[in-house]
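In case you want the letters, here they are:
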Amino acid sequence: MSLHDQRIAQAWLTAPTSGIIELSRDWIGPGLPPLTLGPEGPAFRTFTRVPDHAFGCQSGYFVNSFGEIFFFLQLASHPDIDPAATAVYLAGDFNGWQQAVGQADWRLQPASLDGEPVLLYAAHADRFFAQPPQRFKFVTGEHRWLPVPSQAPNAVRDDLGNYNHAIDPGRTGRHLFQFTTEDPVDLAQALAVRWADDPAAEAAPLRPGDFFFTMKSHAPLGAIVDGRGQGETTFRLFAPRARWVRLHLVADAQKPEAAAVYELDRRSRGIWEAHLEGNLHGWYYWYTLDGPRNAFGLFDPERRILDPYALAALGPEGPGIVVDRARLPAPDRGFRSPAWHDLVIAEAHVRDLTALAPVKLKAEERRGFTGLRKWVESPDFHLARLGVNAVELQPVLEYERGDPQEYHWGYMPVSWFAPASAYALAPGQASQMGELQELVAAFHRRGMAVLLDVVYNHVGPPLHLMQIDKLYYFEQDGAGKLAEWSGCGNDVRTHAAMARRLITDSLVHLVETYGVDGFRFDLAELIGVEVLREIEAALKRVKPDVILIAEPWSFRGHIAQDLRTTGYASWNDGYRNFLRDYVRGGGTREMFEYFLKGSPWFFAAWPAQTVNYTESHDDRAWIDIITENRDGNGAHPTLDDRRRTHLMAAILLASIGIPMVAAGQDFLRSKQGVNNTYQRGDLNVLDYRRLYRFPATHAYFADWIAFRRSERGRLLRLYSRPGDGFFRFHFAPDSTAAAAVYNADRSQGASRLLFAVNPTPQDVEIPLGDTADGAWRQLADHERFFSPGDHEPTLAVEENLFVPALGCGLWLEE
């Protein structure tokens, strides 16, 4: 504790020659607090208190010298709010939060502060001063809560993980001071703010502020080979706070001690580079670098760093492999992705598909790209027989691991450019690049688009990006504590200019080098809508028909509604939860109608913007969730488990939107009731023998997929939202059993579909009225699709349509 009984809470630069210092509470001493950047840092040119208004811009309020408190909202930061049309209220511990909405006494009024238009609420400060500090937020009349940035100086988190502003009587703006310096601060220095009259007191590290994250270079990055003449290889790394950067280069990865070391030169905008003679294709390299070592910098000059732009790596620790792009074969770019509304996706994992595939493979092939490629080329390839036209592969880029044989889902990425070396036959020769190219091409020959599940919201160990610059690349608070709304230990600062570029460059590389057709973005809420829009624009410049799918949530929130105005589809977790419940007798009529229509209005702006699914990798298997077995293990499903699965398949494939199945769902794949199986290859692996145990279920899925993709199924594949008369719904009395007519208004031509489903354990009759007055022909029931000459009885459509317990039916009128 200093002589002033005061602590320096944090300090940051607003520009290379200016910054802010925050004390732990208001300064009440005479004059200004005696602060300094120490003997290593530049002297202050000016030093003053931060104006009240400037404090309020981040904290949402300020208190003036007359004891008045002003809560305000900057309209420039909220362009979506029209002060003439949108009411905004002050809500908090002091007025019951939600109860403030609609109360004129708590409504903010249009005003001006320092010439800036704001919405303002003014009162005496005493009524808001309390211990513990009272919390508050701004909320619109439509109950939309305006977010509080986690980096706000008075942001506090509640038990649900939400951030609110706090009103601290001891921190009203007189605890903040601003300074300018004679000379620019060297970002490579580990400077700290100290008490000038008490050098032994605890200091606060000085960190770069928001300007730092706008630093950007357009120079090509990575190991760049120019094969002309004798050749030249250029190495470039973005490391804006490094004191020095060294390149280590060796021809034999087994002899790292023989590596030559080269000093990189500092260029502008945070770039370091070295130019070496010769085409160094196939050589191995890594970096070491040094810089500030404090809460915001983890620089370690002994740590080997994998180039974030390395096109291939020997393993997650590196080294990177120099690759001459000119030597790579051209990717398969002739495949035309299916239209989004025509997609039927299967989510799958490379090793799950291959480990027990009924095709002759070597043991090492079953672990990766080549084994899967051979399985895809087999006439018996399961997903081809199922009939899907797109595969969504769980992450295939370099990931955290120990032994290459160790099973992992891949959601702890180490590189966003390099294919997983554990999936390659000869990773030392960068064979993973050619093997992945060949795999994508094999899927294309099968008529399947290839989507890659990509993880840009966090990174896994070893944390190479963290060592390059923890502050630049990762979200953290004023004390350097990492945010982890991903639940994985860190969150990437995706809005930082060069983080955006790294993400976008890697995605473009995956399209241009491997010919992939699209991406599913893990925990896309953490990437943010603004960055996702930039990604969309960049990818559509190189592949106009690219398929973009977001997992629209994180532990912080959900952005599916915000994505409605973008070119992204979203995983629909509401659909998943509803259908799991519905086939077991839950749900409501309204929910059935909403989800069958494709989640319009609130979720999807256009039909294919919802990805409908009931099982994915990161949960228990479908059959384990709905099984009647008391232990939650569906490995031996009951007859009703199987019937409910058929209902699910029928509803899933009859719903508007993009259907996605999990690989093996069609043969009742079970994970023995275990939930999080990210390292359980024994439980995740596809046991294809279940195809022979449950052949009718596989056939039922395949027939529904074939129907949906056929001309007769076109009414299930809508490009644009139909009119209100397209659907007509009928329900059984006092039941969720339903019948839906597609194209009831004949706006899409002469044919109509009738789909009926009964998820209850009792037979029902559904009154159809004049819907029954058609030339309906039954195509399917809950067990099979009918073919000409079949002996099974078909059900006539009558005024009161009979649907058996846990049954369904599909009829066509042409």
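Residues numbered from 1 in each chain as written. Predicted model: local features only at pLDDT ≥ 70, side-chain atom pairs only at ≥ 80, totals over all residues. Heavy atoms only, no water.

Peer 1: Where do I start with the packing of helix H9 (residues 573-582) against helix H12 (residues 639-654) in this structure?
Peer 2: A pair of packed helices can be characterised by two numbers: the angle between their axes and the separation between those axes. H12 packs onto H9 with a crossing angle of 145° between their chain directions and a minimal axis gap of 10 Å. Crossing hand, H9 versus H12: right-handed. Between H9 and H12, the residues in contact are Tyr-575, Leu-579 and Tyr-582 and Met-648, Ile-651 and Leu-652, respectively. Residues that form the contact of H9 with H12 fall into these classes: six nonpolar, no polar and no charged. (Axes fitted to C-alpha atoms, helices over the stretch in contact; angles between N-to-C directions. Helix = DSSP H or I, 4+ residues; strand = E, 2+ residues; numbered from the N terminus. Left-handed = near helix turned anticlockwise from the far one by under 90°. Contact = heavy atoms within 4.5 Å. Nonpolar A, V, L, I, M, F, W, Y, C, P; charged D, E, K, R; others polar.)

Peer 1: Help me understand the pattern of salt bridges in this model?
Peer 2: Pairing between side chains of opposite charge can happen when their charged atoms approach one another. All chains considered together, the criterion is met by 47 salt bridges. The salt bridge partner of Asp-342 is Arg-717, with a shortest N-O separation of 2.8 Å. With a gap of 375 residues between them, Asp-342 in the loop between strand E25 (320-321) and strand E26 (345-348) and Arg-717 in the loop between helix H15 (695-709) and strand E34 (727-731) connect regions that are remote in the sequence. Residue Asp-342 is classed as partly exposed on the basis of its relative accessible area, which comes to 23%. The residue Arg-642 makes a salt bridge to Glu-783 at a minimum N-O spacing of 3.3 Å. Linking Arg-642 in helix H12 with Glu-783 in the loop between strand E38 (777-781) and strand E39 (800-803), this pair joins segments that are 141 residues apart in sequence. Judged by relative accessible area, Arg-642 falls into the buried class, the value being 16%. Connected through shared salt-bridge partners, Arg-236, Asp-265, Arg-267 and Glu-273 make up one network. (Salt bridge = Lys/Arg side-chain N within 4 Å of Asp/Glu carboxyl O. Buried < 20%, exposed > 50% of the residue type's maximum accessible area, 1.4 Å probe, protein only.)

Peer 1: Which parts of the structure should I look at to understand helix H10 (residues 589-596)?
Peer 2: Given 3.6 residues per turn, any residue in an α-helix points the same way as the ones three and four places further on. Among the residues of H10, Phe-592, Tyr-594, Phe-595 and Leu-596 are the ones counted as buried. Where H10 terminates, the next one or two residues include Gly-598, which has phi positive at roughly 100°.

Peer 1: Hey, could you run me through the sheet that holds strand E1 (residues 8-15) in this one?
Peer 2: Backbone-to-backbone hydrogen bonds pair the strands of a sheet. The strands run either parallel or antiparallel. Strand order in this open sheet of seven strands is E3-E14-E15-E1-E2-E13-E4, and the pairing throughout is mixed. Here the strands that pair on one side only, and so sit at the sheet edges, are strand E3 (35-36) and strand E4 (44-49). As paired strands, E4 and strand E13 (residues 176-181) are joined by five bridges and run antiparallel to one another. Across the sheet, Phe-47 pairs through a bridge with Phe-179, a residue of E13. (Pairing = 2+ DSSP bridges.)

Peer 1: Would you explain the sheet that holds strand E10 (residues 134-140) in this entry?
Peer 2: The strand order across the open sheet built from four strands is E7-E10-E12-E11, with neighbouring strands paired in antiparallel fashion. Every interior strand has two partners, whereas the edge strands, strand E7 (88-92) and strand E11 (155-157), have only one. With strand direction ignored, the average angle separating the axes of adjacent strands in the sheet is 45°. Judged from the three bridges that link them, E11 and strand E12 (residues 163-167) form a sheet pairing that is antiparallel. Considered in E12, the bridge of Arg-157 is made with Tyr-163.

Peer 1: Just checking my understanding: could you explain the packing of aromatic side chains for this structure?
Peer 2: Where two aromatic rings form a pair, the distance of their centres and the angle of their planes describe that pair. Following the criterion strictly, the structure yields 57 aromatic pairs and no others. A ring pair is formed by Trp-375 and Phe-381, whose centres lie 5.5 Å apart and whose planes are at 90°; its orientation type is edge-to-face. Accessibility assignment for this pair places Trp-375 and Phe-381 in one class, buried. On the numbers, 5.7 Å between centres and 90° between planes, the contact of Tyr-575 with Phe-595 is edge-to-face. Here Tyr-575 is found in helix H9, whereas its partner Phe-595 is found in helix H10, with 20 residues between them in sequence. The burial state of Tyr-575 is the same as that of Phe-595; both residues are buried. One aromatic cluster is present, built from ring pairs that chain together Tyr-575, Phe-578, Tyr-582, Phe-592, Tyr-594, Phe-595, Trp-601, Phe-726, Phe-727, Phe-729, Phe-731 and Tyr-742. Over the ring of Trp-244 we find Arg-246; its NZ or CZ atom is 3.6 Å from the centre of that ring. The ring of Trp-286 has Arg-304 lying over it, and the distance from NZ or CZ to the ring centre is 4.5 Å. (Phe/Tyr/Trp six-rings, centres within 6.5 Å; stacked < 30°, edge-to-face > 60°. Lys NZ or Arg CZ within 6 Å of the ring centre and 35° of its normal.)

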